[in-house]
Amino acid sequence: MSITANKPEPLLYEQSNPGSIGYALPESDVPHTPLPAHLMRADLNLPEVAEVDVVRHFTRLSQKNYCVDLGIYPLGSCTMKYNPKMNEDAIQLTGMSQVHPMQPPETAQGVMQLMYELQEYLGEISGLPAVTLQPAAGAQGELVGILVIRAYHLKRGDTGRSEVLIPDSAHGTNPATSAMAGYRVVEVKSDARGNMDLDDLRSKVSDKTAAIMFTNPNTLGLFEEHVREVNKIVHDAGGLVYGDGANLNAIIGIARPGDLGFDVIHSNLHKTFSVPHGGGGPGSGPVMARPDLAEFLPTPIVSKKGDVYAFETPTNTIGRIKSFWGNFLALVRAYTYIRSYGKEHLREIAEISVLNANYLLALVRDVYDPQVPERTCKHEFVLNGTRFKKEYGVNTLDVAKRIIDYGFYPPTIYFPLIVPECLMIEPTETQSKASLDEFAAALLKIAEEARTDPQLLHNAPHNTPVTRLDDVKAAREPVLNYKPPQIPDQRKAA
Ligand SMILES: *Cc1c(COP(=O)(O)O)cnc(C)c1O
C-alpha cells in the first residue's frame, strides 16, 4: 500500500481480511464434542476483522454522522432539542436500569411511584388528568386516542359516527391513524392566516363526525386563533376533539390543551420532554384524556392507594397496546427533565423556544419568504421557496443540501404539504444566540449563492463523503444487512 498525504478519506465498508480474528473464545473446559453436521455452514461468509479494526470502522462511521451534541438540528415538527446528560445519569441508576418488568409490584414500588408521578405531571401539564404511559411513539398514541374516542361513542350506543375531520396542514400520521381505526378522513382547509377555515369546518361537521384531530400550534408554527370555536363546533355536533400534542414546546406551562377544549391528546416524550430520538427510537407517546374517558385507556395504569402503588386495568379498556410498562427508560428521562425544571420553570421552555424561533425568523425574513408574513410564529416557522425556484431555478432541496456544506443539519423540507417548496425550521429552546446567528448567517450566504451561482447549490453538498443519494431507492430497497463480496477463501483453496 502506498502512503500519500491528504488523500481523501476512503469510504471503505468492506473490512474483511481472511484470517483476522476479532474475538477469541476461552479454552473449553468441557469435553470436546463435534457439532452436528447439519448445523455447520460454510456459506455464511462472515467478515473476519480484528477487534481494533472493528472499533476504528465504527468510530469512523460515527464521525461522519451529525447529532444534537454537535450543533443545531432545526428539523421542524421533530423537536431535536439537546438531551440533558442528567437524564442519562438517571437511567443508569441500577434501580432504573436493572428492574425487571416481571418483578412483583411490591418489589418495584420506587419505579411505580416514578410512573405514577409522571402520569400526574403529564395530566397537570395538559389539563387532561387520565393518563396512559403505554404508547411507544406519537403515532401509536394517536391510535390509542382515536380508539378511546371510538370506544366512548360505541359505549353510548352512538354507532353512526364514521368520520374524522383533519386539517390539510396535518402531520401524515393523523390521517393514517384515523384510517387504521376504521374512519373516513375528511379534510378541512386552512385559510390565508394559517388557521382552520371555519366555514369549511362548519360545512363538513355532522352527526357522522366522531372527532376532529389537529395540532396546535399547527405545522405552520401558528397558534390556531379560533381554537375554542373549532372545539365548540365539533362538540356541538357530538364529536370529540383530539389534539396532536407531539410537540408541546410552544405552550408548555402557559396554556393547557384541556382548558382549550381538547378531550384527548398525546405528547411525544421524545420531542417535548428531551428523550433522544432519531434513528428509530425508542420513543414514548403518552395519552392524556378527560376524566370520564379514563375507563377506556389501555392497560396497565399505575394507581396509588395510601402509600401503595399498583397496576390497574381500566374497566372498559381498549386492551393492551404495548408489552409490559411501555418504554420505561424514556419515562425516566422525561421524569428527570420535568423535575429538573420544576413546576415554576417549565414555562421557560415555551418562552425561549418561541423567542428563538421568532429571533431566527427575524434574521432571515427579508431574504426568505415566510409563509404567513403577518403573524409571529410559535416554536417553529415555515418559509416558502417558490420565489427562489422561479427567480434562480433553485429548489428547496438544493438549499437544504447546501446547508450541510456549512456544517449544519438541514431543516424539514416539503412538509407541511400545503406549502410549496417549504422549509420548516424549529430551533428549539436549547440553542444559544450565537448558534442561531451562525445558522442565520449560513442561510443568508446560501441565498446569495442561489442568486449568483445556482449551480453550486444544484451540486451540493460538496464537503461530505457521499453527495446526493437516491432517497427513493434507499427507502424502497434498503440494504439492511451485510452482504460480503465473494472473496475466494485462501484457506479452503489450500
Ligand atoms: C412527530 C410527530 C408525530 C409522530 O410521532 P412519532 O413518535 O414519530 O410517531 C405526530 N404528529 C406530529 C405533529 C409530530 O410532529
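Right above here is the structure, for reference.
Below or above, wherever it landed, is the structure these notes cover. (Residues numbered from 1 in each chain as written. Predicted model: local features only at pLDDT ≥ 70, side-chain atom pairs only at ≥ 80, totals over all residues. Heavy atoms only, no water.)

### With respect to the overall build of the protein
Right, on to step 1. On a plain count of helices and strands, the protein comes out with 16 helices and 13 strands.
Right, on to step 2. Dimensions of the protein along its principal axes, counting C-alpha atoms only, are 85 × 70 × 45 Å.
Right, on to step 3. Each of the 494 residues in the protein was classed as buried or not, and the buried ones make up 46%.
Right, on to step 4. Put simply, 70% of the contacts in the protein that link residues at least 6 apart link residues at least 24 apart.
Right, on to step 5. Accessible surface, the protein as shown: approximately 25,100 Å² in total, 56% of it carbon and sulfur. (Helix = DSSP H or I, 4+ residues; strand = E, 2+ residues; numbered from the N terminus. Buried < 20%, exposed > 50% of the residue type's maximum accessible area, 1.4 Å probe, protein only. Contact = heavy atoms within 4.5 Å. Areas by Shrake-Rupley, 256 points an atom, 1.4 Å probe, with all protein chains shown as cover.)

### Some details on the pairing of strand β2 (residues 163–167)
Right, on to step 1. Of all 5 residues making up β2, 5 are buried, and the element is well covered by its neighbours.
Right, on to step 2. Burial along β2 is two-sided: the residues Glu163, Leu165 and Pro167 and Val164 and Ile166 are all buried.
Right, on to step 3. Direction of pairing for β2 relative to strand β3 (residues 184–188): parallel, over a ladder of 5 bridges. Looking across to β3, one finds that Glu163 is bridged to Arg184.
Right, on to step 4. With helix α6 (residues 173–180) bridging β2 and its parallel neighbour β3, the resulting β-α-β unit is right-handed.
Right, on to step 5. In this sheet, strand β4 (residues 209–214) lies alongside β2 in parallel orientation, the contact comprising 3 bridges. Counterpart to Val164 in the pairing with β4 is Ala211. (Pairing = 2+ DSSP bridges. Right-handed = clockwise from strand over helix to strand, strands pointing away.)

### As for the packing of helix α4 (residues 109–126) against helix α9 (residues 328–341)
Right, on to step 1. Here α4 crosses α9 at 60°, and the two axes come no closer than 10 Å. Taken as axis vectors, α4 and α9 run oblique relative to one another. When you trace α4 past α9, the crossing you get is left-handed. On α9, the residues that touch Val111, Leu114, Met115, Glu117, Leu118, Tyr121, Leu122 and Ile125 of α4 are Phe328, Leu331, Val332, Tyr335, Ile338 and Arg339.
Right, on to step 2. A class-by-class count of the residues in the contact of α4 with α9 yields 12 nonpolar, no polar and 2 charged. (Axes fitted to C-alpha atoms, helices over the stretch in contact; angles between N-to-C directions. Parallel < 35°, antiparallel > 145°, perpendicular 65-115°, else oblique. Left-handed = near helix turned anticlockwise from the far one by under 90°. Nonpolar A, V, L, I, M, F, W, Y, C, P; charged D, E, K, R; others polar.)

### A look at the layout of surface pockets
Right, on to step 1. Size it by volume and the largest pocket reaches roughly 1,300 Å³.
Right, on to step 2. In this structure, the largest pocket is lined by 29 residues; those nearest its centre are Lys64, Ile404, Thr464, Val466 and Leu469.
Right, on to step 3. Elements that contribute at least two residues to the lining of the largest pocket include exactly α1 (51–63) and α12 (396–405).
Right, on to step 4. The dominant element in the lining of the largest pocket, judged by the number of residues it contributes, is α12, at 5 residues.
Right, on to step 5. Two domains share the lining of the largest pocket, each providing at least three of its residues, namely domain 1 (4–25 + 32–63) and domain 3 (348–464). (1 Å grid on protein atoms, 1.4 Å probe; cavity = no way out; pocket = protein on both sides within 12 Å on 5 of 7 lines; lining within 4 Å. Points joined across faces, edges and corners; volume = space filled by probe spheres on them. Domains from an automatic or database assignment.)

### Some words on the pairing of strand β5 (residues 240–244)
Right, on to step 1. Along β5, 5 of the 5 residues are buried, which leaves the element largely enclosed by surrounding structure.
Right, on to step 2. What you see with β5 is no split at all: Leu240, Tyr242 and Asp244 on one side and Val241 and Gly243 on the other are buried throughout.
Right, on to step 3. As paired strands, β4 and β5 are joined by 4 bridges and run parallel to one another. From the neighbouring strand, Met213 faces β5, where its bridge partner is Tyr242.
Right, on to step 4. Note on the crossover from β4 through helix α8 (residues 227–236) to β5: the handedness is right-handed.
Right, on to step 5. Looking at chain direction, β5 and strand β6 (residues 264–266) are connected through 3 bridges and run parallel. Each residue of the ladder has a partner; that of Tyr242, found in β6, is Val264.

### Overview of the environment of Ala181
Right, on to step 1. Looking at where Ala181 falls in the secondary structure, it is placed in the loop between α6 and β3.
Right, on to step 2. As a C-alpha pair, Ala181 and Ile146 span 35 residues in sequence and 6.9 Å in three-dimensional space.
Right, on to step 3. Setting aside its immediate chain neighbours within four residues, Ala181 contacts Leu143, Ile146, Leu147 and Arg150.

### As for the sheet that holds strand β13 (residues 422–425)
Right, on to step 1. Read across the sheet, 4 strands follow the order β10-β11-β13-β12 without closing on themselves; strand pairing throughout is antiparallel. Here the strands that pair on one side only, and so sit at the sheet edges, are β10 (369–370) and β12 (412–413).

### Observations concerning the site of the ligand
Right, on to step 1. As a matter of local geometry, the ligand sits amid Ser77, Ala137, Gly138, Ala139, Glu142, His171, Thr173, Asp244, Ala246, Asn268, His270 and Lys271.
Right, on to step 2. Taking Ser77, its side chain carries an N or O atom lying 2.7 Å from an oxygen atom of the ligand.
Right, on to step 3. One of the side-chain nitrogen or oxygen atoms of Asp244 is found 2.5 Å away from a nitrogen atom of the ligand.
Right, on to step 4. The leading source of residues in the shell around the ligand is helix α5 (residues 138–155), at 3 residues.
Right, on to step 5. Taken together, the residues of the shell around the ligand break down into 3 nonpolar, 6 polar and 3 charged. (Near = heavy atom within 4 Å. Polar contact = N/O pair within 3.5 Å; in protein donor to acceptor, adjacent residues only side chain to side chain.)

### Re the packing of aromatic side chains
For any pair of aromatic rings, the description rests on two quantities: the centre-to-centre distance and the angle between the ring planes.
Right, on to step 1. One pass over the full model with this rule turns up 12 aromatic pairs.
Right, on to step 2. Between the aromatic rings of Phe214 and Phe262, the centroid separation amounts to 5.0 Å while the plane-to-plane angle is 40°, which identifies the pairing as tilted. A residue pair is termed long-range when its members are at least 10 positions apart, and Phe214 in strand β4 and Phe262 in the loop between β5 and β6 qualify at 48 residues. The pair Phe214 / Phe262 is uniform in exposure class, with both members buried. (Phe/Tyr/Trp six-rings, centres within 6.5 Å; stacked < 30°, edge-to-face > 60°.)

### Overview of the side chain of Asp200
Right, on to step 1. By the secondary structure assignment, Asp200 is in helix α7 (residues 198–204).
Right, on to step 2. In terms of polar contacts, Asp200 uses its side chain to reach the backbone amide nitrogen of Lys189, at 2.8 Å.
Right, on to step 3. Among residues more than four places away in sequence, those in contact with Asp200 are Glu187, Val188 and Lys189.

### Quick notes on α8
Right, on to step 1. If you check which residues of α8 are buried, you get Val227, Val230, Asn231, Ile233 and Val234. End-on view of α8: buried residues confined to an arc of 160°, all on one side of the axis. Pointing more than 90 degrees away from the buried face of α8 are the exposed residues Arg228, Lys232 and Asp236.
Right, on to step 2. At its buried positions, α8 is contacted by α7, β4 and β5.
Right, on to step 3. Following α8 by one or two positions, Gly238 adopts a phi angle in the positive range, close to 90°. (Arc of directions from axis to C-beta.)

Purely geometric numbers; function is a separate question.
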